[in-house]
Every structure is written in C-alpha cells, then in structure tokens.
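Fold and geometry: a report
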Amino acid sequence: IANGATLSGYLRFDRGRIMHGEIWRLLSFIFVPMEGHVLLLLVSLCFYWLVGSQLQNEWGTFRFTLFYAAGILGSVVSGFITGYATSYYLNMSLILAMAIIRPNMLLRVNGLFEVRIKWLALFSLVMLILPLLQSRGWQQPVALIAALINVLLFFMDGLVKQFKEAYRRYM
C-alpha cells in the first residue's frame with residue numbers, strides 16, 4: 001500500500017472521502033478491527049460470533065440481519081452527523097440484545113469461570129458510559145445513542161410489557 005497507509009486506513013469510515021466517491025467505506029468500516037492486541041481481537045470476534053449465532057437462532061436469519069443492518073445504518077447516519085463511525089457500539093448492542101432475550105444464559109470462559117449474560121451486559125454498558133461521561137467530544141455519545149436506539153427499536157414492545165408487569169406486581 002502506497003505512502004505508508006495501512007489497509008485499515010482504506011477501510012475506515014471517513015466522511016470526506018465518502019463524499020468524494022469512496023463509497024465502500026459505508027460498509028467496510030464494520031470490518032475494521034478495534035485497536036489493540038491480535039489475541040484480544042480473536043477472542044472478541046469469537047465472542048461476537050457466539051452471541052450473533054445465538055441471536056440468529058432465536059430470531060431467525062431475517063430478523064437478525066434486519067437488526068444488524070439497522071445498526072449499520074444508524075452507525076452510518078451518526079458517522080455523517082459527527083464524522084465518527086465505528087462498529088464497536090454496534091457489536092456491543094449484540095450483547096445487550098442477547099441479555100434482553102436470555103438474561104440468565106451462562107457463558108463459560110475457558111473453564112475458569114461462568115458469567116450470566118445479563119451481568120456481562122450491565123458491565124459492558126457501564127464500561128461504555130463511564131468513558132463517555134469523561135469525554136469532551138460529542139462523536140462517541142452520538143454513536144452509542146445510535147446503537148442503543150437500534151436495541152430499543154427491536155425490544156420496545158417487550159420492555160414496555162415487562163415494566164407494566166413488574167409495576168402491576170408491585171402495586
């Protein structure tokens with residue numbers, strides 16, 4: 001690749017370059033790995049594959065594809081608004097969706113320990129929100145809100161029913 005540019009540099013979301021015709025960036029940014037160690041990348045890809053497979057088994061291929069496509073669309077829209085788009089929040093929304101569907105599902109990590117998906121989702125949500133509270137920019141909060149809106153779109157009816165049922169039992 002010329003001039004020291006990396007392959008991921010040609011795939012990342014770049015609003016200016018998209019406006020100048022590099023339209024592949026509208027989808028290719030989804031495949032750009034997060035910065036960090038290769039082992040962490042492999043572990044996270046395996047985890048997202050597991051969660052995605054579970055959601056696809058629960059919902060079916062069409063609804064899962066619609067969920068992920070809506071998340072991509074939300075990421076692209078927030079990217080055009082802010083100039084910043086990443087697949088990180090979209091992939092984290094998979095964990096939240098799985099926690100809503102099967103909150104007590106156990107994940108076994110290398111035989112060392114087990115964790116329920118609801119606790120992992122809560123921890124992930126806290127780890128997403130804390131840095132945003134310290135952030136001075138507005139790009140990351142908009143990207144997170146786009147991912148959370150996607151989750152709400154798919155689960156609003158069920159969540160409203162759960163809250164009404166809990167309120168009815170409490171009263």
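See the structure above.
Parameters at a glance
- Sequence order sets the numbering: in each chain, residues are counted from 1 along the sequence as written.
- For this predicted model, a pLDDT threshold of at least 70 governs which residues receive local features, and a threshold of 80 or more governs which side-chain atom pairs are given and counted, while totals over whole chains, interfaces and linings are taken from all residues.
- The side-chain numbers reported here are obtained from all heavy atoms of the structure, hydrogens and water having been left aside.
- Pairing between two strands is assigned when DSSP locates at least 2 bridges connecting them.
- Starting at the N terminus, helices and strands are each numbered in turn, a helix being any DSSP run of H or I of at least four residues and a strand any DSSP run of E of at least two.
- Ring geometry is summarised as follows: Phe, Tyr and Trp rings, the Trp one being its six-membered ring, pair when their centres sit within 6.5 Å, and such pairs are stacked at plane angles under 30 degrees, edge-to-face over 60 and tilted between the two.
- We call a residue buried when its accessible area falls under 20% of the maximum for its residue type, exposed when it is over 50%, and partly exposed in between, using a 1.4 Å probe and counting protein chains only.
- Axes here refer to lines fitted to C-alpha atoms; in helices the fit is confined to the stretch in contact. Angles between the N-to-C directions go from 0 to 180 degrees.
- If an angle is under 35 degrees, it is roughly parallel; if it is over 145, roughly antiparallel; if it lies from 65 to 115, roughly perpendicular; otherwise it is oblique.
- Here a crossing is called left-handed whenever its near helix is offset anticlockwise from the far helix by less than a right angle, and right-handed whenever the offset is clockwise.
- It only takes one pair of heavy atoms within 4.5 Å for two residues to be counted as in contact.
- Residues are grouped as follows: Ala, Val, Leu, Ile, Met, Phe, Trp, Tyr, Cys and Pro are nonpolar; Asp, Glu, Lys and Arg are charged; all remaining types, including Gly, are polar.
- The span expected for a helix works out to 1.5 Å for each residue beyond the first.
- The term nonpolar core refers to a set of buried residues drawn from Ala, Val, Leu, Ile, Met, Phe, Trp, Tyr and Cys, joined through side-chain atoms within 4.5 Å.
- Picture the helix axis, draw a direction to every C-beta atom, and the arc is the one those directions span.

**As for the pairing of strand E1 (residues 106-109)**
Note: E1 against strand E2 (residues 113-116), four bridges, orientation antiparallel. Considered in E2, the bridge of Val 109 is made with Phe 113.

**Side note on the packing of aromatic side chains**
In the structure shown here, the tally under the stated rule is nine aromatic pairs. Ring geometry for Phe 13 against Phe 29: centres 5.5 Å apart, planes inclined by 80 degrees, an arrangement best described as edge-to-face. Taken together, the residues span a long stretch of sequence, with Phe 13 in the loop between helix H1 (7-11) and helix H2 (15-19) and Phe 29 in the loop between helix H3 (25-28) and helix H4 (38-59) at a distance of 16 residues. A residue is classified by how much of its surface remains accessible, and Phe 13, at 10% relative accessible area, is buried. According to the relative accessible area criterion, Phe 29 is buried, its value standing at 3%.

**What about the packing of helix H5 (residues 61-82) against helix H6 (residues 88-101)?**
With their axes 10 Å apart at the nearest point, H5 and H6 run at an angle of 140 degrees to one another. Taken as axis vectors, H5 and H6 run oblique relative to one another. Note on packing geometry: the crossing formed by H5 with H6 is right-handed. Judged by residue contacts, Phe 64, Phe 67, Tyr 68, Gly 71, Ile 72 and Ser 75 of H5 engage Leu 90, Asn 91, Ser 93, Leu 94 and Ala 97 from H6. Of the residues that constitute the contact of H5 with H6, the class distribution is seven nonpolar, four polar and no charged.

**Let's talk about H6**
Helical geometry note: an α-helix holds 3.6 residues per turn, so side chains three or four residues apart project in the same direction. Compared with the 20 Å implied by 1.5 Å per residue over 14 residues, the 21 Å span of H6 between its first and last C-alpha is a close match. Burial within H6 is extensive, with 11 of its 14 residues counted as buried. Within H6, the full set of buried residues consists of Tyr 89, Leu 90, Asn 91, Met 92, Ser 93, Leu 94, Ile 95, Leu 96, Ala 97, Met 98 and Ala 99. Summarising the contacts, the buried residues of H6 are in contact with H4, H5, helix H7 (117-134) and helix H8 (139-170).

**Looking at the packing of H5 against H8**
When two helices pack together, their arrangement is given by the angle between their axes and by how far apart the axes lie. Two elements in contact, H5 and H8, have axes whose closest approach is 9 Å; the angle formed by their N-to-C orientations is 155 degrees. Classified by the angle between their axes, H5 and H8 sit roughly antiparallel to one another. By crossing handedness, the relation of H5 to H8 is classed as right-handed. Across from Arg 63, Leu 66, Phe 67, Ala 70, Gly 71, Gly 74, Ser 78 and Thr 82 in H5, the residues of H8 making contact are Gln 139, Val 142, Ala 143, Ala 146, Asn 150, Val 151 and Phe 154. In terms of residue class, the contact of H5 with H8 is made up of eight nonpolar, six polar and one charged.

**Topic: the nonpolar core**
In terms of nonpolar packing, the biggest core is built from 28 residues, with Leu 55 and Ile 117 touching the most fellow members. Contributing elements (two or more residues each) for this core: H4, H5, H6, H7 and H8. If you tally residues by element for this core, the top one is H6, at eight residues. Not counting chain neighbours up to four residues away, the residues in contact with Ile 117 comprise Phe 47, Ile 95, Met 98, Ala 99, Arg 102, Pro 103, Met 105 and Leu 107. Among the nonpolar cores identified, the runner-up in size contains eight residues, and Phe 13, Phe 29, Val 76 and Ala 85 belong to it.

**A few points about H4**
Across its 22 residues, H4 extends 31 Å between first and last C-alpha, which sits within 8% of the 32 Å expected from 1.5 Å per residue. Listing the buried residues of H4 in full gives Ser 44, Phe 47, Tyr 48, Val 51, Gly 52, Leu 55 and Trp 59. When H4 is viewed along its axis, its buried side chains cluster within an angular range of 135 degrees and face the same direction. Opposite its buried face, H4 presents the exposed residues Val 38, Leu 39, Val 43, Cys 46, Trp 49 and Asn 57, each directed more than 90 degrees away. Residues of H4 that are buried sit in contact with H5, H6, E1, H7 and H8. Taken from the residues just after H4, Gly 60 is the one with a positive phi, measuring 100 degrees.

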